Amino acid sequence: MTDLNLLYEAILKGKKKTAIELTNAALEEKADPKSLIDNHMIKAMEEVGRQFENHEIFVPELLMAGRAMKASLNILQPVLQGQGAGVSIGKVVIGTVKGDLHDIGKNLVASMLEGCGFEVIDIGIDMDSAKFVEAIREHKANILGLSALLTTTMPYMKTVIEALKEAGLRDQVKVIVGGAPVSQSFATEIGADGYSDTANSAVTKVKDLLGIL
Amino acid sequence: MSIQFTKLAYDSIDDFLYGKCIHPVVCKNGIVIGNGEIFPEINFTLPPMKATSDTLPEAKRIYGEMLEGVLKKARDLYAQNLVVEFETLPQYTEFPEWGIEIHKMMRNIMWDFETKYGIKSVIRMTPNDMREMNRPPIMRSGKYWDAMVRIFSQTARDGADLLSIESTGGKEISDEAMINADLRTAVFALGVLAPRDMKWLWTNLVEIIEENGAIPAGDSACGFANTAMVLAEQGFIPKVFAALVRTMSIPRALVAIENGAKGPGKDCAYENVYLKAITGTPISLEGKTAACAHFSPIGNIAAAVADLWSNESVQHIKLLSGFAPVVSTEQLIYDCRLMNVATKNGQTKTMRDWLVESDCYLDCQAYILRPDVVFEIAKETVKTQSPFLRTLKIARLTLSILQQAVDKKELSMEERELSWLDMLCFQIDEIPEDEEEFIAEMKEESDITKYKPDEYDI
């Protein structure tokens, strides 16, 4: 019988190969996939999140844990879908707005969201409003993350939000904004639903917006 | 024909000081950088607004207002020499005529102040490296490169003295490495891809800049080492990794000078401290006065051997005293004034050592900027000419220096940092010393959708 505490430990330590082996073994032993996720995998990620918040570990360890989690989820996904259930806790479209090439902050937020169980569609940098609208429509996302690092590109975030309204999609999606020159007051002014000044608080904000905290 | 550096420019660490270098740079109006005095380099940027053709008149008005404020402050505080950096917004390089127009307007204001008030100032023109707009980046041709050539050549013709860039070759691979503190990929980006691009880029830039009568100043590993520094500042990645990325940026940076750049190096390029030791060219740096743009653990030590003292960049926003660019100018002028008074009184070395000592024991990123450590790492750098081997040797030496500093209790380091110090030592030992072997391995391992090996001749 597979010791499921080892699955918890494998994800906590970011040991992807071990997590895959243990997940497969547990499934062969007819373990309940939902129980594996809820009682072991999510708990491991919660502990990783706690350690990160307490400055005990860094982002690389957090991302390794996220990758181990994702690998296990990929194994469980077909089984859960067969049972009529899903594994994603939310779908996020994310991108850097038109005229802006910066993407390291956006990539970090995307990686951390993925690690926490979100499905993330990263559409890249220098994206115009039509591309954001198209991605929201195509993927039926419930969160849109907009990033900008320049004072001259941050006003474009408002253009994207206006485009969502014109496309009739504004009510379907919560918009979160971030980037060095962006502030809460700017987010409020342009009609965004949320703002975050760090990648880890972005995850908390997204969960908050979706009511899953 | 590129220059080879096989020894340090300085015989004695006592001569390695701020405000003075072995090869000062002479500007068109007689300003000499690195000739005994440190003076300010000021940079500013627009407040939140779109950068389009429609907003260009307003942008010009604001740039003019910022510059006049800066120059008036210099006049009021009796600062005779000043460098003003115009680091373009991406749109002002993508549509080079916009950047050229703003530069010309700024240049005219500066000449006007020189005529009226005797304030000698020069522009450092820093266009963007637009080549990364293509994903994967197209490094050696195309509309973005053409736009860069246009703005470099025309602004040089229009009177810019110093031309710089924060080039991005290898950054497409490095970004992921920074977030993951992945030393192997960082070595590939900084030791293999970046030097190859720097050689091509700076060979071309030097030709373009010099034939148009300006000075090819220098580059910055901002997209690599400063990204790491900011991520470390936010607690995302280990500081020890950020320190390592800084020193691993030296071989990349050296390629610019080897291929004709003269200095002063860019302000955010802390790796240029090692360049000054090796090449004797002047450097600009930023520290506590750049807190308006980013935080750092090297607020004082950054000034220790600087020839220009910068604020990195500041937005045009109103503070209680006045507009932020004017505030930055005042802070820079007072810092420089104090340092120059120390020099006049024969106390440059004492002042340098105080700047060093106030930061170096508190953070590994500051420790590696100690002049003695700079000399040790610089000497290791010039033992070989291969940028790849230099990167590997520097990485090993940096880790060893930091480990020894911790062991001697000269450097404080958190527990979680210490475990990364061990892990990084392990990671570096896994990298082969044969460059071709390493390239072959990395071509297998790396995400080929992110970069084009052909653009780097691999």
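For clarity, every value in this text was computed on a predicted model and none was experimentally measured.

Participant: Kindly report on the interface of chain B and chain A, identifying the contributing residues and their values.
Facilitator: Counting residues at the interface gives 30 residues for chain B, matched by 29 residues for chain A. With both chains or domains summed, chain B and chain A bury close to 2,500 Å², and 65% of this area falls on carbon and sulfur atoms. Looking at the side of chain B facing chain A, the largest losses of area belong to I179, F236 and R416 of chain B, adding up to 29% of the total buried there. Counting the contacts that link chain B with chain A gives one salt bridge. The closest approach of N and O atoms between R135 of chain B and D103 of chain A, which form a salt bridge, is 2.9 Å. Linking chain B with chain A are 10 residue pairs in polar contact (both at pLDDT 80 or more). Of all elements in the fold, only α2 (90-94), α5 (171-180), α7 (222-233) and α16 (415-429) of chain B reach the threshold of two or more residues within the side of chain B that touches chain A. For the side of chain B that touches chain A, the leading source of residues is α5 of chain B, giving four residues. Taken together, the residues of the side of chain B that touches chain A sort by class into 16 nonpolar, six polar and eight charged.

Participant: So what about the sheet that holds strand β3 (residues 143-147) of chain A? Which residues, and what values?
Facilitator: All names here are of chain A. The five strands are arranged β2-β1-β3-β4-β5 in an open sheet whose pairing can be described as parallel. In this open sheet, the two edge strands, each paired with only one partner strand, are β2 (119-127) and β5 (194-195). Taken strand by strand, helix α5 (residues 104-115) contacts β1 (91-97), β2 and β3, and its axis lies near 170 degrees from that of β2. Set on the sheet, helix α9 (residues 199-209) makes contact with β3, β4 (174-178) and β5; between it and β4 the angle comes to about 165 degrees.

Participant: Tell me about the packing of helix α10 (residues 272-279) of chain B against helix α14 (residues 371-381) of chain B, residues and numbers included.
Facilitator: All names here are of chain B. Two elements in contact, α10 and α14, have axes separated by 9 Å at closest approach and are oriented at 65 degrees. Here α14 runs roughly perpendicular to α10, going by the angle between their axes. Pair α10 / α14 crosses with right-handed handedness. Residue-level contacts link V273, Y274, A277 and I278 of α10 to V374, F375, I377, A378 and T381 of α14. In terms of residue class, the contact of α10 with α14 is built from eight nonpolar, one polar and no charged.

Participant: So what's going on with the packing of aromatic side chains? Residues and values would help.
Facilitator: Residues and elements named next belong to chain B. Under the definition given, this model contains 13 aromatic pairs over all chains. Between F16 and F375, the aromatic rings sit 5.1 Å apart at their centres with planes inclined by 55 degrees, giving tilted as the arrangement. One end of the pair, F16, is in the segment before β1 (20-26); the other, F375, is in helix α14, and 359 residues separate them in sequence. Ring centres 5.9 Å apart and planes at 80 degrees place the aromatic pair F188 and Y451 in the edge-to-face group. Pair noted here: F188 is in helix α6 (residues 183-211) and Y451 is in the segment after α17 (435-445), with a separation of 263 residues, a long-range link. The buried category is assigned to F188, whose relative accessible area is 0%.

Rules behind the numbers
- Residues numbered from 1 in each chain as written.
- Chains lettered and ligands numbered in written order.
- Predicted model: local features only at pLDDT ≥ 70, side-chain atom pairs only at ≥ 80, totals over all residues.
- Heavy atoms only, no water.
- Contact = heavy atoms within 4.5 Å.
- Buried area = accessible area lost by both parts, 1.4 Å probe.
- Salt bridge = Lys/Arg side-chain N within 4 Å of Asp/Glu carboxyl O.
- Polar contact = N/O pair within 3.5 Å; in protein donor to acceptor, adjacent residues only side chain to side chain.
- Helix = DSSP H or I, 4+ residues; strand = E, 2+ residues; numbered from the N terminus.
- Nonpolar A, V, L, I, M, F, W, Y, C, P; charged D, E, K, R; others polar.
- Pairing = 2+ DSSP bridges.
- Axes fitted to C-alpha atoms, helices over the stretch in contact; angles between N-to-C directions.
- Parallel < 35°, antiparallel > 145°, perpendicular 65-115°, else oblique.
- Left-handed = near helix turned anticlockwise from the far one by under 90°.
- Phe/Tyr/Trp six-rings, centres within 6.5 Å; stacked < 30°, edge-to-face > 60°.
- Buried < 20%, exposed > 50% of the residue type's maximum accessible area, 1.4 Å probe, protein only.

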